Amino acid sequence: MINVVVCGALGRMGQTIGRMVAESPDLNLVGGIDLKPGTFFGAEIVEAKNMGTLLDAQNPDVMIDFTIASAAVGNVQEAARHKVALVVGTTGISPEQRALMATAIEGNVPAVFSTNYSVGVNIFWQLVRNAGKLLKDYDIEVIEAHHRNKKDAPSGTAKTILQILDEEVGSRKKQYGREGITERADEIGVHVIRGGDIVGDHTVSFSKNFETIELSHRAYDRSVFASGALRAAHWVVGKKPGMYAMSDVLGL
Ligand SMILES: NC(=O)c1ccc[n+]([C@@H]2O[C@H](COP(=O)([O-])OP(=O)(O)OC[C@H]3O[C@@H](n4cnc5c(N)ncnc54)[C@H](O)[C@@H]3O)[C@@H](O)[C@H]2O)c1
């Protein structure tokens, strides 16, 4: 049995993950952490400031963090101090925040990081990579859509798409939206839609005269991210300390 703590337990993802951990025969939900105390799926949620006490008392094998970048840094540092393996799904993490997390993790605990835990998105990223290799001379645009409460923009998934395109087609200026009289330069257009309860849509379009190729992924339910995070939680326990990606978990 793998003992799991969920950070961000009262959030949209925390609730989905908590439910799925509680329903899983080989995972044991031993606690949650959020800004307010409470309970979820038979486990106690403690306030963030009491995280150390919870980790001491429950001694979990893995902590899953879906919070906000500013909080995730401290959460990762605390888990690493307690030698708890990590699955981090929080997005909007800056390079400086990632460096702080890496320092806490290296030599201490194994940790999986992914801006998207959906297996489909991880395969979609591979398709984008292959398309980028073949379509270097096409005009490329990235469009993403999420629910009205999403805090960071563009999404972590879109940022990973941009990183993959940089690697495959060479670094291009990112043009975040357009307005007024504009002329298309050697750039990648990035467009963000926020509304309603959209779970997560991403499209990459490659256009040349007379044709467009579009690759799209659409998530219909948060459980696709949660089930990938649970798969990562199973995988990460017992691995050597260090930073891993979902591609390591999936063997892609
Ligand atoms: N990697 C993925 O597959 C994936 C998928 C969906 C969402 N996300 C990301 O996960 C994060 C959470 O998304 P969400 O939709 O659940 O957001 P949300 O706002 O619904 O939930 C975040 C929760 O974190 C809590 N929180 C804030 N500070 C905290 C702290 N110091 N300690 C513990 N909890 C704290 C908040 O109170 C809130 O309940 C976002 O960064 C989002 O982009 C990642």
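Quick notes on the rules
Every chain is numbered independently, its residues counted from 1 as its sequence is written. Since the coordinates come from a predicted model, pLDDT governs what is reported: local features require at least 70, and pairs of side-chain atoms require 80 or more to be given and counted, while whole-chain, interface and lining totals use all residues. Starting at the N terminus, helices and strands are each numbered in turn, a helix being any DSSP run of H or I of at least four residues and a strand any DSSP run of E of at least two. Radius of gyration here is computed from C-alpha atoms only, and the compact-globule reference equals 2.2 Å multiplied by the residue count raised to the power 0.38. Remark: residues whose backbone-derived C-beta atoms lie within 7 Å of one another are considered to be in contact. Two strands are counted as paired when DSSP detects at least two bridges linking them. Between N-to-C directions, angles span 0 to 180 degrees; the directions come from axes that are lines fitted to C-alpha atoms, helices contributing only their stretch in contact. Residue ranges assigned to the domains are those given by an automatic or database domain assignment. Gly falls in the polar group here, along with every residue not listed as nonpolar (Ala, Val, Leu, Ile, Met, Phe, Trp, Tyr, Cys, Pro) or charged (Asp, Glu, Lys, Arg). Given the number of residues in a helix, its expected span is that number minus one, multiplied by 1.5 Å. We call a residue exposed when 12 or fewer other C-beta atoms sit within 10 Å of its C-beta, buried when the count reaches 20 or more, and partly exposed for counts in between; the C-beta positions come from the backbone. Using a C-beta atom placed from the backbone, a residue is described as near a molecule or strand when that atom lies within 6 Å of it. Roughly parallel here means an angle under 35 degrees, roughly antiparallel means over 145, roughly perpendicular means 65 to 115, and every remaining angle is called oblique. By convention, the crossing between two helices is left-handed when the near helix turns anticlockwise from the far helix through less than a right angle, and right-handed when the turn is clockwise.

1. Considering the overall build of the protein
So, point 1. Per the secondary structure count, the protein includes 8 helices and 13 strands.
So, point 2. Against the 2.2 N^0.38 benchmark of 18 Å for 252 residues, the protein shows a C-alpha radius of gyration of 19 Å, consistent with a compact globule.
So, point 3. Oriented by its inertia axes, the alpha-carbon framework of the protein measures out at about 60 × 40 × 35 Å.
So, point 4. Taking the intrachain contacts of the protein between residues at least 6 apart in sequence as the baseline, contacts between residues at least 24 apart amount to 68%.

2. Thoughts on the sheet that holds strand β11 (residues 200-208)
So, point 1. In space, the 5 strands of this open sheet follow the order β9-β10-β8-β11-β12, with mixed pairing throughout. Of all strands in the sheet, those with a lone pairing partner are β9 (173-176) and β12 (211-219), marking the two edges. Neighbour-to-neighbour, the strand axes of this sheet turn through a mean angle of 20°, independent of strand direction.
So, point 2. Two strands pair when backbone bridges link them, and β11 and β12 are joined in this way by 9 bridges, in the antiparallel orientation. Across the sheet, Val-204 pairs through a bridge with Leu-215, a residue of β12.

3. Notes on the sheet that holds strand β2 (residues 27-34)
So, point 1. Taken in spatial order, the 8 strands make up an open sheet running β3-β4-β2-β1-β5-β6-β7-β13, and their pairing is mixed. Of all strands in the sheet, those with a lone pairing partner are β3 (38-40) and β13 (242-245), marking the two edges. For this sheet the average axis-to-axis angle between neighbouring strands, irrespective of direction, equals 25°.
So, point 2. Two strands pair when backbone bridges link them, and β3 and strand β4 (residues 43-47) are joined in this way by 3 bridges, in the antiparallel orientation. Residue pairing across strands places Phe-40 opposite Ala-43, the latter belonging to β4.
So, point 3. In this fold helix α1 (residues 12-23) packs onto β1 (2-7), β2, β3 and β5 (62-65), with an angle of close to 160° to the strand it touches most, β2.

4. Details of the domain arrangement of the protein
So, point 1. Domains assigned within the protein are domain 1 (2-113 + 222-250) and domain 2 (119-219).
So, point 2. Only α7 (223-236) and α8 (246-250) provide two or more residues apiece to the side of domain 1 that touches domain 2.
So, point 3. Take the side of domain 1 that touches domain 2: its biggest share by element is 3 residues, from α8.
So, point 4. Classifying every residue of the side of domain 1 that touches domain 2 gives 4 nonpolar, 4 polar and 1 charged.

5. Topic: helix α3 (residues 69-81)
Given 3.6 residues per turn, any residue in an α-helix points the same way as the ones three and four places further on.
So, point 1. Over its 13 residues, α3 extends 19 Å from the first C-alpha to the last, a length consistent with the 18 Å expected when each residue adds 1.5 Å.
So, point 2. Along α3, the residues that are buried comprise Ala-72, Val-73, Asn-75, Val-76, Ala-79 and Ala-80.
So, point 3. In the stretch just after α3, Lys-83 is the one whose phi turns positive, near 60°.

6. Details of the site of the ligand
So, point 1. Among the 27 residues in the neighbourhood of the ligand, the closest are listed as Gly-8, Gly-11, Met-13, Ala-71 and Gly-89.
So, point 2. Sorting the residues of the shell around the ligand by element identifies α1, β2 and α3 as the ones contributing at least two each.
So, point 3. At 3 residues, α1 tops the list of elements feeding residues into the shell around the ligand.
So, point 4. Across the shell around the ligand, the residue classes tally to 11 nonpolar, 13 polar and 3 charged.

7. Concerning the environment of Asn-28
So, point 1. Relative to the elements of secondary structure, Asn-28 occurs in strand β2.
So, point 2. Overall, the presence of 16 C-beta atoms within 10 Å leaves Asn-28 in the partly exposed class.
So, point 3. Considering only alpha carbons, one finds Asn-28 and Asn-3, 25 residues apart in sequence, at a separation of 4.7 Å.
So, point 4. Excluding residues within four positions of it along the chain, Asn-28 makes contact with Met-1, Ile-2, Asn-3 and Val-4.

8. So, the packing of α1 against α7
So, point 1. Two numbers describe how α1 lies on α7: the axes approach to 9 Å, and their chain directions differ by 55°. Classed by the angle they form, the pair α1 and α7 counts as oblique. For α1 against α7, the interelement crossing comes out right-handed. Across the interface between the two elements, Met-13, Thr-16, Ile-17, Met-20 and Val-21 of α1 pack against Ser-223, Phe-225, Ala-226, Ser-227, Ala-229 and Leu-230 of α7.

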